[in-house]
Amino acid sequence: MEIYFDNSATTKTDEEVAKLAYDVMVNDYGNPSSLHQKGFDAEKIFVKAKKQLASAMGAKEEEIFFTSCGTESDNLAILGSCMALKKRGNRIVTTALEHPAVLEPIKFLEEMGFEVVIVPANEKGQVDEEKFLSAVNEKTILASMMYVNNEVGSVLPVENVFKKIKAKYPLCQTHCDFVQGFGKIKLNLSKLHIDFLAISGHKIHAPKGIGALYIKKGSKIRPILYGGGQQGKMRSGTESVPLIAALGLAAEKAYKTLEQDEKNMAEIKAYITEELKALPFIKINSPETSVPCILNFSALNVRSEIMLHFLESNGIFVSSGSACSKGEASPVLKAMGIKKSEADSAIRLSFSRYNTMEEAKIFVDALKEGYNTILKVK
Ligand code: PLP
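Residues numbered from 1 in each chain as written. Predicted model: local features only at pLDDT ≥ 70, side-chain atom pairs only at ≥ 80, totals over all residues. Heavy atoms only, no water.

1. Details of the pattern of salt bridges
As a working rule, side chains carrying opposite charge can pair if their charged atoms are close by.
Okay, so step 1: Counting across every chain of the model gives 20 salt bridges.
Okay, so step 2: D14 serves as the salt-bridge partner of R353, at 3.0 Å between the closest nitrogen and oxygen. With a gap of 339 residues between them, R353 in the loop between β12 (346-350) and α12 (357-377) and D14 in the loop between β1 (3-4) and α1 (15-26) connect regions that are remote in the sequence.
Okay, so step 3: Relative accessible area serves as the criterion here: at 22%, R353 is assigned to the partly exposed category.
Okay, so step 4: On the accessibility criterion, D14 (6% relative accessible area) is buried.
Okay, so step 5: Note that E342 and K283 form a salt bridge whose closest N and O atoms lie 3.6 Å from each other. Within this pair, whereas E342 is found in helix α11 (residues 340-343), its partner K283 is found in strand β9 (residues 282-284), the two being separated by 59 residues in sequence.
Okay, so step 6: Using a relative accessible area of 12% as the deciding quantity, one classes E342 as buried. (Salt bridge = Lys/Arg side-chain N within 4 Å of Asp/Glu carboxyl O. Helix = DSSP H or I, 4+ residues; strand = E, 2+ residues; numbered from the N terminus. Buried < 20%, exposed > 50% of the residue type's maximum accessible area, 1.4 Å probe, protein only.)

In structure tokens form, the structure reads like this:
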């Protein structure tokens, strides 16, 4: 039996989605820019996927741009918008909770002379709204805040903060990394004050290698890739129609069953949390208000990797902190004021619509067994 509790790192591709990608690859393989039937067929599939994605986000079709991954979407939003507005101002405000896909391009811009403010995280894996707002001034051209933190699952006050920023500084553009929220939280972008929103396919049961960026109509942004001028010159490069079709379908499916999936995951999380709370050696790191699909905890005195490998030997796959910061101490847990020894024993569970209560029960038993076995051997 295989139990996969690492869905924030990546997800299993949905079989219907994989089949669609395969069919497009072998049958509708035309280049959407070609002026013959094969090209038109590919273009039709491209447009359908755009519609599906726009509808899942509450956006307009012309506001959707396909990229290769969440990282590219974040980079396009950050680098592209700051290049576009660099004559207007040079200040960027973001949070210490962001993924490297956001922090690294911002660091690059700092090296290029932009002024960067990183608002610290608090012990709840949150940023203080007032602290974020007071960091924004008339020179600020970009405010960037993630929706759901990938390590502990906290939900940041994006809507409120961006609304207040736009009311005071309408020229400041806003970016949201929605990679861990997409398919799990319903947004209606036409009603929100978000100019750029990044998502990734492989977190919602689409294949790896596909992402998208929502760009609100009228926003100021330059491309970061120059070439054949595809996607209205915003993202040159022949469109990966099979993966784009896959993302469209995966998004549609994710939102169709969202409520039921969320309920199932919440039950799984609540069960595991209660069981773990009863164990003296467990410290729960995720805040109570975190999303139903992420649970971060520390099994005290047992290093994460040791527990991870014990669980793996039982067919259970989890993550030690964030899969993106392999081997390094988690800056997010540190920012939350969690002791180094506790951070070193942090385990992140992340669920999907495929997980079951039966798996949750097997996991809890395996964790208890793992703890006793590992400490005995020590
Ligand atoms: N942003 C967040 C919050 C993530 O969790 C990840 C991946 O884990 C990314 C961005 C990067 O997405 P991708 O792996 O598609 O580049």
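So much for the structure itself; the text now carries on.
2. A word on the site of the ligand
Okay, so step 1: Neighbouring the ligand are 15 residues, the closest being T71, D177, Q180, S200 and K203.
Okay, so step 2: One of the backbone nitrogen or oxygen atoms of G70 is found 2.8 Å away from an oxygen atom of the ligand.
Okay, so step 3: Contacts to the ligand include H202, whose side-chain N or O atom sits 2.9 Å from an oxygen atom.
Okay, so step 4: The protein chains hide 92% of the 390 Å² of surface that the ligand would expose on its own.
Okay, so step 5: The greatest single-element share of the shell around the ligand, amounting to three residues, is contributed by helix α3 (residues 70-84).
Okay, so step 6: Partitioning the shell around the ligand into residue classes produces five nonpolar, seven polar and three charged. (Near = heavy atom within 4 Å. Polar contact = N/O pair within 3.5 Å; in protein donor to acceptor, adjacent residues only side chain to side chain. Areas by Shrake-Rupley, 256 points an atom, 1.4 Å probe, with all protein chains shown as cover. Nonpolar A, V, L, I, M, F, W, Y, C, P; charged D, E, K, R; others polar.)

3. Observations concerning the environment of R88
Okay, so step 1: For R88, the location among the structural elements is in the loop between α3 and β3 (91-95).
Okay, so step 2: The spacing of R88 and M25 is 63 residues in sequence and 44 Å in space, taken between C-alpha atoms.
Okay, so step 3: For R88, the residues in contact, after removing those within four places along its chain, are I141 and L171.
Okay, so step 4: In terms of polar contacts, R88 uses its side chain to reach the backbone carbonyl oxygen of L171, at 3.1 Å. (Contact = heavy atoms within 4.5 Å.)

4. Observations concerning the nonpolar core
If you look at soluble globular proteins, the nonpolar side chains tend to sit buried side by side.
Okay, so step 1: Core analysis: the biggest nonpolar cluster contains 95 residues, and I272 and F363 have the highest contact counts within it.
Okay, so step 2: Per-element accounting of this core gives the leading share, eight residues, to helix α7 (residues 241-256).
Okay, so step 3: Apart from the residues lying within four places of it in its own chain, the contact partners of I272 are F5, L295, L349, F351, A360, F363 and V364.
Okay, so step 4: Counting residues in each nonpolar core, the second largest holds 12 residues, with L79, L85, I106 and V116 among its members. (Core = buried A, V, L, I, M, F, W, Y, C linked by side-chain atoms within 4.5 Å.)

5. A closer look at the sheet that holds strand β6 (residues 173-177)
Okay, so step 1: Across the sheet, which stays open at both edges, the seven strands sit in the order β2-β8-β7-β6-β5-β3-β4 with mixed pairing between neighbours. Of all strands in the sheet, those bounded by a partner on one side alone are β2 (64-67) and β4 (115-119). Strand-to-strand twist of the sheet, defined as the mean angle between neighbouring strand axes without regard to direction, takes the value 20°.
Okay, so step 2: Where strand β7 (residues 196-200) lies against strand β8 (residues 211-215), five bridges are found, and the strand directions are antiparallel. Bridge assignment links I199 to a residue of β8, and that residue is A212.
Okay, so step 3: Sheet strands touched by α3: β2, β3, β5 (140-144), β6, β7 and β8. Its angle to β7, the strand with the most contacts, is close to 160°. (Pairing = 2+ DSSP bridges. Axes fitted to C-alpha atoms, helices over the stretch in contact; angles between N-to-C directions.)

6. Quick look at unusual backbone geometry
Okay, so step 1: In the Ramachandran plot, H205 falls in the positive-phi region, its phi being about 70° despite a non-glycine side chain.
Okay, so step 2: Within the secondary structure, H205 is located in the loop between β7 and β8.
Okay, so step 3: Look at N301: it is not a glycine, yet its phi comes out positive at around 70°.
Okay, so step 4: Following the sequence through the fold, N301 ends up in the loop between β10 (294-299) and α9 (304-313).

7. Observations concerning the pairing of β2
Okay, so step 1: Across the two faces of β2 the burial is the same, with I64 and F66 and F65 and T67 all buried.
Okay, so step 2: In the sheet, β2 pairs with β8 via four bridges, with the strands oriented antiparallel. By the bridge assignment for β8, I64 is matched with Y214.

8. Remarks on the environment of L349
Okay, so step 1: For L349, the position within the fold is in strand β12.
Okay, so step 2: Relative accessible area serves as the criterion here: at 0%, L349 is assigned to the buried category.
Okay, so step 3: C-alpha of L349 to C-alpha of E61: the two residues are 288 residues apart in sequence and 34 Å apart in space.
Okay, so step 4: Once residues lying within four places of it in the same chain are set aside, the contact partners of L349 are F5, I272, C293, I294, L295, F297, V318 and F363.

9. Considerations on the environment of T94
Okay, so step 1: On the secondary structure map, T94 appears in strand β3.
Okay, so step 2: Here T94 falls in the buried class, since its relative accessible area comes to 0%.
Okay, so step 3: Taking the C-alpha atoms as reference points, T94 and A18, 76 residues apart in sequence, are found 36 Å from one another.
Okay, so step 4: Filtering out sequence-adjacent residues up to four positions away, T94 remains in contact with V102, L103, I106, V117, I118, V119, F132 and S144.

10. Observations concerning the sheet that holds β9
Okay, so step 1: Read across the sheet, three strands follow the order β9-β10-β12 without closing on themselves; strand pairing throughout is antiparallel. At either margin of the open sheet sits one strand with a lone partner, and together these are β9 and β12. Strand after strand, the sheet turns through a mean of 30° between neighbouring axes, direction not considered.
Okay, so step 2: Where β9 meets β10, three bridges bridge the pair, whose relative direction is antiparallel. Considered in β10, the bridge of I282 is made with A299.

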